[in-house]
Amino acid sequence: MLLQRTSLERIKSSNFKYYLIIGLTLAIGIFLRFFLLPDKSLWLDEGASLYYSDGTSIQDIIATIVNTDTGDRFQPFYYLVLHFWRQLFGSSEFAVRSLSALLGIGTIVVLSTTAWQLYGRKHALWLTLFLSFSAYGVYYSQQTRAYTLLLFLASLQLYFLSQILPQKNVRGTAIAQMLFCLTTAVGLFCSIFIGIYTLALCIAHLLVSQNIKRWLQWWLPVAIACVPAALFYLASPVATDPTKVHVTPSNQSVIQNIAFVFYGLLVGETYGPPIEQMRGGDRLQLIFNYLPVLLLFGLVAGIIVIGLVRGLKARSPEYKQYRPIDNFFLTTFVSAFIIALAFAIVTKFNWLPRHSFYIYIPLSFLLPIVLRFSPRKKTWENLYRLAFIVLLLLNLYANYNYYFEPRYQRENYREIAQYLSKNNSQDTKSVLLYGVPYLLPYYGDTLTIDGLGLDTTKLAAEVSRVTKNANTAIIAISDQAFWEKKRNFDLESSMAKSYKLESHLQLTNFDIYHYVKK
């Protein structure tokens, strides 16, 4: 009786410690996602989210989305969710970003629960640590964009599918299947990239199922659930003429895109060189300046890859039971990567970490496999554990850069609006040539003219017309090099026909020119 009581006490103590550790880990994840949430100005992409979610009715919002020529037409569901969120909580920076922060936290909870059910406590704890510290997860949890909604929906898909992964039959899983179908159907209206993830899950499930009949019983209803989204996208003009939609084309080799994707998924985009600085100037010199931190990342990533291969080959009875689940996530990871690679090559779009949530999720489940230990290889196991811990620290370093280092900031529309408002007068008019006009009145500037539709072949005359021949024209332009390349013109030579450049000011990822009439 005494031994039985002691055993129960040990179990209770073990449970308490586990719940305490995982609770503290989740608390850190919550803190990191809400820390300084309204500190930074909304930037270009976030301004687009506010624009597309702004409307008096659902019909207005859908009409705006369908008629746009950008990739935003392929994620209507997020803008509807954001619209109703703004109706409830307002449109402050904290309010609109808190939706993403909560979805980011929900993603951690769902994936941790799934890991616990499939692998047990230890695997779930390490996965929760990675997700909570993840600079990739934190960054997009503080952005008013669809990425954390996609992560959350993809996490729910995995959770519902996981209900049949350890089992030999599908009885009693009707509710999970129904919810999986619903989540998939909704997710496809949030992004066509959910289709890549769903197809990867389908292939991986076929591998571990080894029963075509049961596999079809699960996936045929899913295929039917995908029909509405497929019809919606096929009805779009882009289905017959891809030139009718604007996506950012890749200006680098696919190998560079692949390297950037995995770098971003593992340590976030604020770990090494600032992305905005990489777009211009000498890339090689910039990379050389950050060589120590990049080499450290490469070393850690290399050790983790070796540890992952070793962990997947582990044959001890303790880990052999997880072989089918390991194969499922490995197949999901490889399938998603190959499909995404093919999609990027065919469409020639700029494949970036933010598009790669379908790789991030299986990668998160594979990483803790590095920590599978054998009593005969203590030295290597300590090295793998150290590498995993260092990876967590690298993510904290990237988070620090994101919060506190100005060089990692995006466009500061708060600063731009204040400057333009201050400098507007009866004889001085400002024109936003490229950016998000919606954000200027959001930050209090109601005088700057929207110049996005101006004819750049006769820019000087167009600026003179919209400013009503004001003596001084202030031209504000975001990402000038990209805009000039896209429109095939040079700002200074185009304005030189009627204006003389008086001054040029560079703010955060913005150029402001003061031109005086000749």
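In the block above lies the structure referred to throughout.
This is a predicted model, so every value here is computed, not measured. (Residues numbered from 1 in each chain as written. Predicted model: local features only at pLDDT ≥ 70, side-chain atom pairs only at ≥ 80, totals over all residues. Heavy atoms only, no water.)

## Focus on the overall build of the chain
Consideration 1: A count of helical and extended segments in the chain gives 25 helices and five strands.
Consideration 2: For 518 residues, the compact-globule estimate of 2.2 N^0.38 gives 24 Å, and the chain sits close to it at 26 Å.
Consideration 3: Each of the three principal axes of the chain carries a C-alpha extent, and together these read 95 × 50 × 45 Å.
Consideration 4: Of the contacts made within the chain by residues no fewer than 6 positions apart, 75% connect residues no fewer than 24 positions apart. (Helix = DSSP H or I, 4+ residues; strand = E, 2+ residues; numbered from the N terminus. Rg over C-alpha atoms; globule rule 2.2 N^0.38 Å. Contact = heavy atoms within 4.5 Å.)

## Brief notes about the nonpolar core
Consideration 1: Counting 156 residues, the largest nonpolar core has Trp-351, Phe-357, Tyr-358 and Leu-491 as its most contacted members.
Consideration 2: Once residues within four sequence positions are removed from consideration, Trp-351 is found in contact with Asn-257, Ile-258, Val-261, Phe-337, Ala-340, Leu-341, Ala-344, Ser-356, Tyr-358 and Ile-359. (Core = buried A, V, L, I, M, F, W, Y, C linked by side-chain atoms within 4.5 Å. Buried < 20%, exposed > 50% of the residue type's maximum accessible area, 1.4 Å probe, protein only.)

## Considerations on the pairing of strand 3 (residues 472-478)
Consideration 1: Counting buried positions along strand 3 yields seven of seven residues, so the element is predominantly enclosed.
Consideration 2: Of the two faces of strand 3, the one holding Thr-472, Ile-474, Ala-476 and Ser-478 and the one holding Ala-473, Ile-475 and Ile-477 are both buried throughout.
Consideration 3: As paired strands, strand 1 (residues 428-434) and strand 3 are joined by six bridges and run parallel to one another. Across the sheet, the residue bridging to Ser-430 is Ile-474, located in strand 3.
Consideration 4: Here strand 3 pairs with strand 5 (residues 510-517) via seven bridges, running antiparallel. By the bridge assignment for strand 5, Ser-478 is matched with Phe-510. (Pairing = 2+ DSSP bridges.)

## Remarks on the pattern of salt bridges
Consideration 1: Tallying each qualifying case throughout the model produces seven salt bridges.
Consideration 2: With a shortest N-O distance of 2.6 Å, Arg-410 and Glu-276 are connected by a salt bridge. Here Arg-410, found in the loop between helix 20 (378-404) and helix 21 (413-423), pairs with Glu-276, found in helix 14 (residues 275-278); they are 134 residues apart in sequence, far enough to count as distant.
Consideration 3: The exposure class assigned to Glu-276 is buried, which follows from its relative accessible area of 18%. (Salt bridge = Lys/Arg side-chain N within 4 Å of Asp/Glu carboxyl O.)

## Topic: helix 8 (residues 147-162)
Consideration 1: The end-to-end C-alpha distance of helix 8, which contains 16 residues, comes to 22 Å, matching closely the 22 Å that a straight helix rising 1.5 Å per residue would cover.
Consideration 2: The buried count for helix 8 comes to 14 of 16 residues, which makes it a mostly enclosed element. (Expected span 1.5 Å × (residues − 1).)

## Considering the packing of helix 2 (residues 44-52) against helix 4 (residues 76-89)
Consideration 1: Orientation of helix 2 relative to helix 4, taken along the N-to-C sense of each, is 75 degrees, at an axis distance of 8 Å. As summarised for this structure, helix 2 and helix 4 are arranged roughly perpendicular, according to the angle between their axes. Touching Ser-49, Leu-50 and Tyr-52 of helix 2 are Tyr-78, Tyr-79, Leu-82 and Arg-86, all from helix 4.
Consideration 2: Its residues assigned to classes, the contact of helix 2 with helix 4 shows five nonpolar, one polar and one charged. (Axes fitted to C-alpha atoms, helices over the stretch in contact; angles between N-to-C directions. Parallel < 35°, antiparallel > 145°, perpendicular 65-115°, else oblique. Nonpolar A, V, L, I, M, F, W, Y, C, P; charged D, E, K, R; others polar.)

## Overview of helix 16 (residues 291-312)
Consideration 1: For helix 16, built from 22 residues, the straight-helix expectation of 32 Å at 1.5 Å per residue is met to within 8% by its first-to-last C-alpha distance of 31 Å.
Consideration 2: Buried within helix 16 we find Phe-297, Val-300, Ala-301, Ile-303, Ile-304, Gly-307, Leu-308, Arg-310 and Gly-311.
Consideration 3: Considering only its buried residues, helix 16 is in contact with helix 13 (254-267), helix 19 (357-366) and helix 20.

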